[in-house]
Amino acid sequence: MGSFAEIEERAEKRKGGADGLMALMPQAPNQDVLRGLADDRILSEMTRYIFYAGFVRNVIDSKWPGFEAAFSGFDPAFLNLAPDDYWHDLTSDTRVIRNGAKIMSVRANAQFIRRLADEHGSAARFFADWPPEDQIGLLAVLDKQANRLGGMTGQYFLRAIGRDSFVMSHDVLVCLRLAGVPISEGKPGKKDLRLIQDQFNAWHAETGLPFTHLSRICAFSVGMPGEEDEVD
């Protein structure tokens, strides 16, 4: 397999050189900032990304103040005690998108957040302290123990709360295959996920770049110069 420098060179050619590519990089994640997030903010971002799935993001964002009010500021302590009638009323509340399954996911995830807080001091500490070289393991926790946070939803949620992480978008998977990583076509299986994690770990050791930047550079390296990119 070639070095990550080859991937970065392709991305630079597509994005107007080294300076142009660097301008597209987000601020490097700060684990201390993540560790300080309150549980209600973690639950809020979980819910936002669950509702993003299948909806136009701008619609969700425009209604978000209503979501915050309707879900009582996403306070897990309150939501864990809220009676059935509270949740039933939300299914007809015009302040939110009235999708019953997604509304009830908030109830389930409030319970998940409280479990994390009881075991780790806060949900944010759990996410911040999970080993950076095992993102695949963390995604498995979200898939199995949280509600509706599998797949891309869980990956984008981790990005949203400031966890240093890669996103397995279509373009990133293409980049990995071009780099010689023998992952299958289509949705990655368990073996593929381990190969992907191992490759990002190797690139991180090679470059010292955060996983977030490695992922974005990888995505930007795919396609012709000037071609519109998939959001990473």
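The model shown is predicted, which means the values in this text are computed figures rather than measured ones.

**Q** Can you walk me through the environment of R107 in this structure?
**A** As for its placement among the helices and strands, R107 is situated in helix α8 (residues 100-120). Once residues lying within four places of it in the same chain are set aside, the contact partners of R107 are A82, P83, D84 and W87.

**Q** It is not clear to me how the packing of helix α10 (residues 135-145) against helix α11 (residues 151-160) should be interpreted in this structure. Could you clarify?
**A** Think of two packed helices as two axes; the pair is described by the angle between the axes and how far apart they sit. Axis separation between α10 and α11 bottoms out at 10 Å; the angle between their running directions is 115°. As for how α10 packs across α11, the hand of that crossing is right-handed. Contact residues: L138, L139 and L142 in α10; G154, Q155, F157 and L158 in α11. Across the contact of α10 with α11, the residue classes break down as 5 nonpolar, 2 polar and no charged.

**Q** Would you mind going over α11 with me for this structure?
**A** α11 sits mainly inside the fold: 7 of its 10 residues count as buried. Among the residues of α11, T153, G154, Q155, Y156, F157, L158 and R159 are the ones counted as buried. Phi for G162, located one or two positions after α11, is positive at around 95°.

**Q** Just checking my understanding: could you explain unusual backbone geometry for this structure?
**A** Both trends apply: most residues other than glycine have a negative phi, and most peptide bonds are in trans. Positioned with a positive phi, S72 is a non-glycine residue whose angle comes to about 55°. With respect to the helices, strands and loops of the structure, S72 is situated in the loop between α5 (57-70) and α6 (76-81). Backbone geometry at R148 places phi at a positive 65°, although glycine is not the residue there. Turning to its location among the elements, R148 is positioned in the loop between α10 and α11. Look at R148 and you get partly exposed, because its relative accessible area is 42%.

Quick notes on the rules
- Residues numbered from 1 in each chain as written.
- Predicted model: local features only at pLDDT ≥ 70, side-chain atom pairs only at ≥ 80, totals over all residues.
- Heavy atoms only, no water.
- Helix = DSSP H or I, 4+ residues; strand = E, 2+ residues; numbered from the N terminus.
- Contact = heavy atoms within 4.5 Å.
- Axes fitted to C-alpha atoms, helices over the stretch in contact; angles between N-to-C directions.
- Left-handed = near helix turned anticlockwise from the far one by under 90°.
- Nonpolar A, V, L, I, M, F, W, Y, C, P; charged D, E, K, R; others polar.
- Buried < 20%, exposed > 50% of the residue type's maximum accessible area, 1.4 Å probe, protein only.

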